[in-house]
Amino acid sequence: MSSLAVGKTATAAGPAPGTVQDRPPLRRRIAFVPTVTLLLGALYCLLPVAWVVIAATKSGSELFSTFTFLPGTGFADNVSELSAYRDGVYWQWMGNSALYAGLGALLSTCVSAVSGYALATYRFRGRETLFNVLLAGVLMPPIILAVPQYLLLANVDLTDSYLSVLLPQILSPYGVYLSRIYAAAAVPADVVEAGRMDGASEWRIFTRVALPMMVPGMVTVFLFQFVAVWNNFLLPYIMLSDDEKFPITLGLFTLLEQGASTPALYTLVITGAFLAVIPLVALFLVIQRFWSLDLLSGAVKS
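What counts as what
- Residues numbered from 1 in each chain as written.
- Predicted model: local features only at pLDDT ≥ 70, side-chain atom pairs only at ≥ 80, totals over all residues.
- Heavy atoms only, no water.
- UniProt positions renumbered as here; feature names shortened; annotations may be inferred.
- Helix = DSSP H or I, 4+ residues; strand = E, 2+ residues; numbered from the N terminus.
- Buried < 20%, exposed > 50% of the residue type's maximum accessible area, 1.4 Å probe, protein only.
- Contact = heavy atoms within 4.5 Å.
- Areas by Shrake-Rupley, 256 points an atom, 1.4 Å probe, with all protein chains shown as cover.
- pLDDT = per-residue confidence, 0-100.

The name given to the protein in an unreviewed UniProt entry is Putative ABC transporter permease, with Streptomyces viridochromogenes Tue57 as the source organism. As recorded by UniProt, the Sequence similarities (unreviewed entry) comment attached to the protein reads in full: "Belongs to the binding-protein-dependent transport system permease family." Taken verbatim from the UniProt record of the protein, the Subcellular location (unreviewed entry) comment is "Cell membrane".

Below is the structure:
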C-alpha cells in the first residue's frame, strides 16, 4: 500500500526536471527560427547604416585611424566643408533630387490612381490584355528601358534637361498595378453605382467618392515612387551631362570618383550620403501618420 501511494504521489507531482516531457515542444523551438532570421536580416541591413552615421562624424584623419564604430568629432566641419564645396553644389544636387522625386512621384501617383481606378471599375475590350502588358512592365528591369528612352528623348532634343529625368518616371507599371488592386478592394461597386444614379459625372465620382477611399493605397504608391526616383542613378547618368542638373546620387558618384585622387573628399562623400538619407526617413515618418489615420477612419464615412 505504501509503495502504491508513493507511485501515485510521484505521478501527481509531474515528471522530474530534465526528462523528455519537461523539454519545450518542438513547435515552440521552431518558432524561434523566423525571429532569429529576422534579427540577422535586420543586423545585416542596419550595420551599413550605422557605419555611415558614425563615419559622418569623423574627420579625415579620424576616418582611417580610429575604431570603425567609434564616433568622431568632425561632423560640423564636414558639413561646413561639404556646403562650401564648389559654392554649395551639394545642396543644388539635393534640390534637384527633391524636384525629381517630389514632382515625379506626385505625377506618377496621379496617373496611377486614374489608371488603376479605370482598370478596376470599367469593363472594356482589351482591359485584361492592357493589364498583362503592365505586368510585363513590372517584371522588366529598368536598365533595359534606359537606352531606348534616351534615344526617344534625343529625337525631340530633351536630353540633358530636367524633363529627361521627369518624363520617364511619370508612368510606373508597378504603381498602376498596385492602384488597380487597391481600387478593386477599397471602392465598392455599389457606391459607384449610387453616384451614377444621383447624376454625378464619372470624373466627379472618381474625385469625390473613389479617390478618398484610395488615399492609403495612393500614399503607398507615392512613397514607393519617391524612394525609387530619389535613389535612381542609371537614368540621370544616361540623360544628363550638366552637373548642375545632377541628382544627389549622381553628384555623390562624381564626388567619389574625384576622391580616388583626393582622399580628403571621402569624408564629404560619407557626410553627403548621410544627409541624403534624412529626407527619406522624415518622409516615411510623416506618411506613416497618414497611413494610420486613413486606415482607422475606414472607407465609407457616415
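Back to the text.
Novice: So what's going on with the overall build of the protein? Which residues, and what values?
Specialist: Within the protein, the regular secondary structure consists of 15 helices and zero strands. Residue burial in the protein is summarised as follows: out of 302 residues, 32% are buried. Within the protein, contacts between residues separated by at least 24 positions form 71% of all contacts whose residues are at least 6 apart in sequence. For the protein, the exposed area adds up to about 18,300 Å²; of that, 69% sits on carbon and sulfur atoms.

Novice: Quick one: what's the story with the confidence of the model for the protein, residue by residue and with numbers?
Specialist: Considering every residue of the protein, the mean pLDDT works out to 84; 85% of them sit at 70 or more. Within the protein, helix α1 (residues 2–13) has the poorest average pLDDT of any element, 47, and helix α5 (residues 89–121) the best, 94. Low confidence marks residues 1–13, where pLDDT is under 50. Its contacts with residues over four positions away, or in another chain, come to zero contacts. Between residues 295–302, whose pLDDT stays under 50, and residues either more than four places distant or in other chains, the model counts four contacts.

Novice: I'd love a proper account of unusual backbone geometry, names of residues and values included.
Specialist: Unusually for a residue other than glycine, D87 sits at a positive phi of about 60°. Within the secondary structure layout, D87 lies in the loop between α4 (75–84) and α5. Exposure remark for D87: the relative accessible area of 80% places this residue in the exposed category. Positive phi values are uncommon outside glycine, yet D157 reaches one of about 55°. Looking at the secondary structure, you find D157 in the loop between α7 (142–155) and α8 (162–170). Classification of D157 as exposed rests on a relative accessible area of 66%.

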